[in-house]
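Observations on chain architecture
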Protein chains: 2
Amino acid sequence: METRIEKIKQQLQAQGYKLTPQREATVRVLLENEEDHLSAEDVFMLVKEIAPEIGLATVYRTLELLTELHVVEKMNFGDGVARYDLRGDNSKHHHHHLICVQCGSVDEIMEDWLLPLEHRLEQEYHFTVLDHRLDFQGICHRCNEKNKKS
Amino acid sequence: METRIEKIKQQLQAQGYKLTPQREATVRVLLENEEDHLSAEDVFMLVKEIAPEIGLATVYRTLELLTELHVVEKMNFGDGVARYDLRGDNSKHHHHHLICVQCGSVDEIMEDWLLPLEHRLEQEYHFTVLDHRLDFQGICHRCNEKNKKS
DNA sequence: GTGGTTGCAAAACGTTTGCAGAATG
DNA sequence: CATTCTGCAAACGTTTTGCAACCAC
């Protein structure tokens, strides 16, 4: 945990940026909620518990900065808010989401199932794949269970 | 073309809605630009050429209505605007996009490559798939060609 | 002291809504 | 004639920006 913050600090400094207390607090919130997909407002409210004087604009600016550095990933599930996720250590982050249309939960699958498809894209469509994104909408296992009972 | 409008008219009327001139103009714009992924503002500007007195709110309301009827599909590429696509006649529309990070173009692949994956999801994760979405970010064949020359 | 950084407030953005009037069947 | 539908303007929620003050090296 501390080592990950240290690493992010180095990434910032390598580009001439500083790890200010506000930025550190923001990163800590992201680390502590790595499983979730927090909106900027979510992050803001959580950061406020650590650093009550922080402004919403700073959170936005920090999240934007971290996105540029590929420390977090900005994503969009179609409700009007951007959501932010800490990226793993592997340079390429594969984000496969299971979005439940019943309870709204978003689970992640970590496997990468798309490599053979990316090969076909390169060969048949001459498209150079840099990243991808795969979302499934449906009913999650929890709701499936719940529905069975009723 | 006319038959597709006729069909949409029937779908509207089946739910008690009317195909007003404004709605028809909006549908025509979508039909004429079936290849593109137009934003509401794009549609608005194009509709204005046919029906100059139309208001932006009407375009939004029409697009929302058509989305409810599954005549168009609303989607989101992460820039802050919703984009709208006419749906094909097949009930399930599979939207695989090749998004070029260099020129911003969005191409579509029509094939459905994900059926085996959906099977695994059902069996290993007990997730019932209703729909999915697959986007690739990368360099399109046109830009690849262009880059080769320079 | 120079340059990045902050909080605040105001502005901008895409989108939605309230309303009175017009059009439709 | 009841209902749906429209255009306009205002409101909305999220995000961005301008700015003066602030802090770190």
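This write-up is about the structure you can find in this document. (Residues numbered from 1 in each chain as written. Chains lettered and ligands numbered in written order. Predicted model: local features only at pLDDT ≥ 70, side-chain atom pairs only at ≥ 80, totals over all residues. Heavy atoms only, no water.)

**Remarks on the protein's contact with DNA strand C**
Note the threshold: Think of it this way: one heavy atom of a residue within 4 Å of a molecule or strand is enough to make that residue near it. In protein, a polar contact means a hydrogen-donor-capable atom and an acceptor-capable atom, both N or O and within 3.5 Å, with residues adjacent in sequence counting only if both atoms are side-chain atoms; elsewhere, any N or O pair within 3.5 Å suffices. Starting at the N terminus, helices and strands are each numbered in turn, a helix being any DSSP run of H or I of at least four residues and a strand any DSSP run of E of at least two.
Around DNA strand C there are 20 residues in total, and Lys18, Thr20, Arg23 and Thr58 of chain A together with Tyr60 of chain B lie nearest to it. When the atoms of DNA strand C within 4 Å of the protein are grouped by moiety, sugar and phosphate amount to 74% of the total. Within the contact set of DNA strand C, a phosphate oxygen lies 2.6 Å away from a side-chain nitrogen or oxygen of Thr20 of chain A. For DNA strand C, a phosphate oxygen lies 3.2 Å from a polar atom in the backbone of Gly55 of chain A. Elements with a minimum of two residues in the surface near DNA strand C: helix H2 (21–32) and helix H4 (56–68) of chain A together with helix H4 (56–68) of chain B.

**Concerning the relation of the copies chain A and chain B**
Worth spelling out the cut-off: Least squares is the method for superposing the copies, and the C-alpha atoms it fits come from residues with pLDDT of at least 70 in both. In this analysis, two residues are considered to be in contact whenever any of their non-hydrogen atoms come within 4.5 Å of each other.
For these two chains of identical sequence, chain A goes onto chain B by a turn of 179° and a shift of 0.0 Å along the axis, with RMSD 0.3 Å. Overall, the copies show the geometry of a two-fold rotation axis. Taking C-alpha positions as reference, the residue of chain A nearest the rotation axis is Leu134 of chain A, located at 2.3 Å. Comparing interface residues between copies, 100% of those in chain A also lie at the interface in chain B; the contact surface is shared.

**Brief notes about the state of the cysteines**
Keep this limit in mind: Disulfide: a pair of cysteine sulfur atoms within 2.5 Å of each other.
Tallied over the full model, the rule gives zero disulfides over all chains. In this structure Cys140 of chain A is not part of a disulfide, and its nearest cysteine sulfur, from Cys100 of chain A, lies 3.7 Å away.

**As for the sheet that holds strand E6 (residues 128–139) of chain B**
Rules: Strands qualify as paired when DSSP identifies two bridges or more between them. Convention adopted: a line fitted to C-alpha atoms gives each axis, helices being fitted over their contacting stretch, and angles between N-to-C directions are expressed from 0 to 180 degrees.
Here six strands make up an open sheet; going across it, the order is E5(A)-E4(A)-E6(A)-E6(B)-E4(B)-E5(B) and the pairing mixed. Looking along the sheet, the strands with just one partner apiece sit at the ends: strand E5 (106–109) of chain A together with strand E5 (106–109) of chain B. Averaged over neighbouring strand pairs, the angle between their axes works out to 25° when direction is ignored. Taken strand by strand, helix H5 (residues 115–125) of chain A contacts strand E6 (128–139) of chain A together with strand E4 (95–100), E5 and E6 of chain B, and its axis lies near 130° from that of E6 of chain A. Across the sheet, helix H6 (residues 141–149) of chain A touches strand E4 (95–100), E5 and E6 of chain A together with E6 of chain B, and the angle it forms with E6 of chain A is around 15°.

**Concerning the sheet that holds strand E3 (residues 82–86) of chain B**
Residue and element names in this part refer to chain B. Strand order across the open sheet formed by three strands is E1-E3-E2, with antiparallel pairing between neighbours. Taken across any chain shown, the strands that pair with only one partner, and hence form the sheet edges, are strand E1 (38–39) and strand E2 (72–76). Here five bridges tie E2 to E3, and the two strands are oriented antiparallel to one another. Along E3, the bridge assignment pairs Met75 with Arg83.

**Remarks on the pattern of salt bridges**
Side chains bearing opposite charge may pair, as long as their charged atoms lie close to each other. To keep things clear, this is the line we draw: For this analysis, a salt bridge means a side-chain nitrogen from Lys or Arg found within 4 Å of a carboxyl oxygen belonging to Asp or Glu. Categorising residues by exposure relies on relative accessible area from a 1.4 Å probe, with only protein chains included: less than 20% of the type maximum marks a residue as buried, more than 50% marks it as exposed, and the intermediate range marks it as partly exposed.
Under the counting rule described, the total for this entry stands at 15 salt bridges over all chains. Here Glu34 of chain A makes a salt bridge to Arg4 of chain A, at a shortest N to O gap of 3.0 Å. Of this pair, Glu34 of chain A sits in the loop between H2 and strand E1 (38–39) while Arg4 of chain A is found in helix H1 (residues 2–14), placing the two residues 30 residues apart along the sequence. Look at Arg4 of chain A and you get partly exposed, because its relative accessible area is 24%. For Asp107 of chain B, the salt bridge is made with Arg142 of chain B, and the minimal N-O distance between the two is 3.2 Å. Of this pair, Asp107 of chain B sits in strand E5 while Arg142 of chain B is found in helix H6 (residues 141–149), placing the two residues 35 residues apart along the sequence. Since its relative accessible area comes to 22%, Asp107 of chain B is described here as partly exposed. The class for Arg142 of chain B is partly exposed, based on a relative accessible area of 36%. Salt bridges sharing common partners tie together Asp42, Asp79 and Arg83 of chain A.

**A few points about the interface of chain A and chain B**
Defined as follows: Here's the idea: put two parts together, see how much 1.4 Å probe accessible area each one loses, and the total over both is what we call buried area.
With 32 residues of chain A at the contact, the number on the chain B side is 32 residues. Contact with chain B buries surface across chain A, with Trp113, Tyr125 and Phe127 of chain A losing the most and accounting together for 21% of the total. Where chain A touches chain B, the interface holds zero salt bridges. For the interface between chain A and chain B, the tally reads twelve residue pairs in polar contact (both at pLDDT 80 or more). Ranked by residue count, the leading element in the side of chain A that touches chain B is E6 of chain A, at twelve residues.

Geometric descriptors of this kind do not, in isolation, establish any biological role.
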